[in-house]
Amino acid sequence: MDPRIASARAQPTEFVSDDPEAIDFVRFCYHRRHVGWPELYDEMCAVAGRGLYRGFVADDLGRIGIGFALDQMPALATIVHQVVAEDRERRRLTADAVRASYVETSAEVDSIEADAAPIAETPTTDRKPTTDRAPAESSPAEVAPRLVAVGAGA
């Protein structure tokens, strides 16, 4: 059945590339610039134009299922959406794992702090300092040497 509405024709169909290199190419471009569709399309065109992905140019990428023509954009957009969704899910799972480990670590620290006995402070009294103290004895070897800046030529 041929849809007569342009928006229905433009909707990406469920595309699964037979070649894992096609998805790897999109991942390569996505990791260069973390942007979504259509900005990633510009990055993919730049990468293909310069042969930055394993030396593949547009013709080589066409053989693995990456096409840059107007009629191939819905399939390419589907791959991009799949890669972006995978990356967001991976980031979400990583953030959840970090949060969970932080909560576990914080709970352990709190339980250790709760178990520790508080240290009693020594009471301070307002005493006047005594002047009859003997000066501290120190040998010349224990005293740190004093460095004095001297001008050059002096």
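Small disclaimer: the values here were computed from a predicted structure and weren't measured. (Residues numbered from 1 in each chain as written. Predicted model: local features only at pLDDT ≥ 70, side-chain atom pairs only at ≥ 80, totals over all residues. Heavy atoms only, no water.)

**Here we look at the overall build of the protein**
- In terms of helices and strands, the protein carries five helices and zero strands.
- Listing every helix and strand of the protein by position from the N terminus yields α-α-α-α-α.
- The 154 residues of the protein split such that 19% are buried.
- Counted over contacts in the protein with a minimum sequence separation of 6, partners at least 24 positions apart contribute 60%.
- Accessible surface computed for the protein: about 12,400 Å², of which carbon and sulfur atoms make up 56%. (Helix = DSSP H or I, 4+ residues; strand = E, 2+ residues; numbered from the N terminus. Buried < 20%, exposed > 50% of the residue type's maximum accessible area, 1.4 Å probe, protein only. Contact = heavy atoms within 4.5 Å. Areas by Shrake-Rupley, 256 points an atom, 1.4 Å probe, with all protein chains shown as cover.)

**Thoughts on the environment of A58**
- With respect to the secondary-structure elements, A58 resides in helix 4 (residues 58–63).
- Taking the relative accessible area as the measure of exposure, A58 reaches 38% and is therefore partly exposed.
- Taking the C-alpha atoms as reference, A58 lies 8.0 Å from C45; in sequence the two are 13 residues apart.
- Excluding anything up to four places from it in sequence, A58 contacts A48 and F68.

**Quick word on unusual backbone geometry**
- In the segment running from W37 into P38, the intervening peptide bond is cis, with an omega of 5°.
- With respect to the element layout, P38 can be found in the loop between helix 2 (20–32) and helix 3 (39–50).
- Positive phi, normally seen in glycine, also occurs at R54, with a value near 55°.
- Summarising the element assignment, R54 is placed in the loop between helix 3 and helix 4.
- By relative accessible area, which is 52% here, R54 ends up exposed.

**Points about the confidence of the model for the protein**
- Overall, the prediction assigns the protein a mean pLDDT of 77, with 60% of residues at 70 or greater.
- Note on residues 11–16: pLDDT is under 50 here. Beyond four places in sequence and across chains, it has eight contacts. (pLDDT = per-residue confidence, 0-100.)

**Examining the packing of aromatic side chains**
- A complete count under the given rule lists five aromatic pairs for this structure.
- By the ring-pair criterion, three or more aromatic residues cluster together here, those being F25, F28, Y53 and F56. (Phe/Tyr/Trp six-rings, centres within 6.5 Å; stacked < 30°, edge-to-face > 60°.)

**Examining the packing of helix 2 against helix 3**
- Here helix 2 crosses helix 3 at 110°, and the two axes come no closer than 9 Å. One way to sum up the angle between helix 2 and helix 3 is to call them roughly perpendicular. Contact residues: helix 2 offers F25, V26, F28, C29, Y30 and R32, while helix 3 offers L40, E43, M44 and V47.
- By residue class, the composition of the contact of helix 2 with helix 3 is eight nonpolar, no polar and two charged. (Axes fitted to C-alpha atoms, helices over the stretch in contact; angles between N-to-C directions. Parallel < 35°, antiparallel > 145°, perpendicular 65-115°, else oblique. Nonpolar A, V, L, I, M, F, W, Y, C, P; charged D, E, K, R; others polar.)

**Thoughts on the side chain of E43**
- Looking at the secondary structure, you find E43 in helix 3.
- Ignoring any residue separated from it by four or fewer positions in sequence, one finds E43 in contact with C29, R32 and R33.

**A closer look at the state of the cysteines**
- The full count for this structure, using the stated rule, is zero disulfides.
- Lacking any disulfide linkage, C29 is separated from the closest cysteine sulfur, that of C45, by 9.1 Å.
- Given the relative accessible area of 0%, C29 is considered buried. (Disulfide = S-S within 2.5 Å.)

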